[in-house]
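Coordinate inspection notes
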Amino acid sequence: MDDEVWMREAIALARKAEEVGEVPVGAIIVKNNECIAEGYNLPIKNNDPTAHAEIVAIRAASKKIENYRLVDTTLYVTLEPCVMCMGAIQHARIKRIVFAAVDEKRGAICSALSLTQAGYTNHHVEWTGGVLADECSQLLTSFFRKRR
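Presented here is a report on the structure given in the accompanying data block. Sequence positions are assigned chain by chain, starting from 1 and proceeding in written order. Restriction of local features to residues with pLDDT of at least 70 applies here, the model being predicted, together with a cutoff of 80 or more for giving and counting side-chain atom pairs; totals for whole chains, interfaces and linings are based on all residues. Values shown for side chains rest on all heavy atoms present in the structure; no hydrogens or waters enter the calculation.

**Considerations on the pairing of strand 4 (residues 96-101)**
Most of strand 4 sits inside the fold, with 6 of its 6 residues counted as buried. Here, strands pair whenever DSSP counts at least two bridges between them. Only DSSP runs of H or I covering at least 4 residues are called helices, and only runs of E covering at least 2 are called strands; the numbering of each starts at the N terminus. When strand 3 (residues 73-79) meets strand 4, the two strands line up parallel, connected through 5 bridges. Across the sheet, Leu 75 pairs through a bridge with Ile 97, a residue of strand 4. Handedness of the crossover joining strand 3 and strand 4 through helix 4 (residues 83-92) is recorded here as right-handed. When strand 4 meets strand 5 (residues 126-128), the two strands line up parallel, connected through 3 bridges. Across the sheet, the residue bridging to Ile 97 is Trp 127, located in strand 5. For each residue, the accessible area found with a 1.4 Å probe, counting protein chains only, is set against the maximum for its type, and the residue is called buried under 20%, exposed over 50%, and partly exposed in between. Crossover handedness is defined by viewing with both strands directed away from the observer: a clockwise path from the first strand over the helix to the second marks the crossover as right-handed.

Following this line, the structure appears as structure tokens:
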């Protein structure tokens, strides 16, 4: 499957987050062209500031494969990961990230920071940004417009 197909799956999860009153961000982890885990934002519902879509998906994938290292996986996420999520991604040894919308204020891949190739880490992450970015940006903009 290609990146757009997997990103559409992540978008469907972002919509689930929105349905429960969370910021609409969804994530999928793929290994060998199979979804091994998914997640969407749940910090409000779970009273857990770490329950970002990426973290939820990483936890589920680690349990599924019974390993905290997610070698040779790709993470698809509808919004550029933050610093916390990038730390988890690097610790999990995720090979590649594909994201949709940039997060100019908090994005840690290419916006506010660039941590995928940081010299102080021993794991460097490949990345592709902008996959279905317009659709994801509109979803986020619409969500915040309704909340104002």
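**Considerations on helix 5 (residues 133-147)**
Its 15 residues place the ends of helix 5 21 Å apart at the C-alpha level, agreeing with the 21 Å of an ideal helix rising 1.5 Å per residue. Among all positions in helix 5, only Ala 133, Cys 136, Leu 139, Leu 140 and Phe 143 are buried. The arc that holds every buried residue of helix 5, seen down its axis, measures 135°, which confines them to one face. With respect to the buried face of helix 5, the exposed residues turned more than 90 degrees away are Asp 134, Gln 138, Arg 145 and Lys 146. Contacts are assigned to residue pairs with any non-hydrogen atoms lying within 4.5 Å of each other. Of the surrounding secondary structure, the elements contacted by the buried residues of helix 5 are helix 1 (3-19), strand 3 and strand 4. In this scheme, a helix's expected span is set at 1.5 Å multiplied by one less than its residue total. Read the arc as the range of directions from the helix axis to the C-beta atoms.

**Quick word on the packing of helix 1 against helix 5**
For helices, the fitted axis covers only the stretch in contact; all axes are lines through C-alpha atoms, and the angles between them, taken along N-to-C directions, range from 0 to 180 degrees. Where helix 1 meets helix 5, the axes come as close as 11 Å, and the angle between the chain directions of the two elements is 5°. Taken as axis vectors, helix 1 and helix 5 run roughly parallel relative to one another. Residues Arg 8, Ile 11, Ala 14, Arg 15 and Glu 18 of helix 1 lie in contact with helix 5, whose contacting residues are Glu 135, Cys 136, Leu 139, Phe 143 and Lys 146. Within the contact of helix 1 with helix 5, the residues separate by chemical class into 5 nonpolar, no polar and 5 charged. Note on angle classes: values under 35 degrees are labelled roughly parallel, values over 145 roughly antiparallel, values of 65 to 115 roughly perpendicular, and the remainder oblique. When residues are grouped by polarity, Ala, Val, Leu, Ile, Met, Phe, Trp, Tyr, Cys and Pro land in nonpolar, Asp, Glu, Lys and Arg in charged, and all others, Gly among them, in polar.

Geometric values such as these leave the question of function open.
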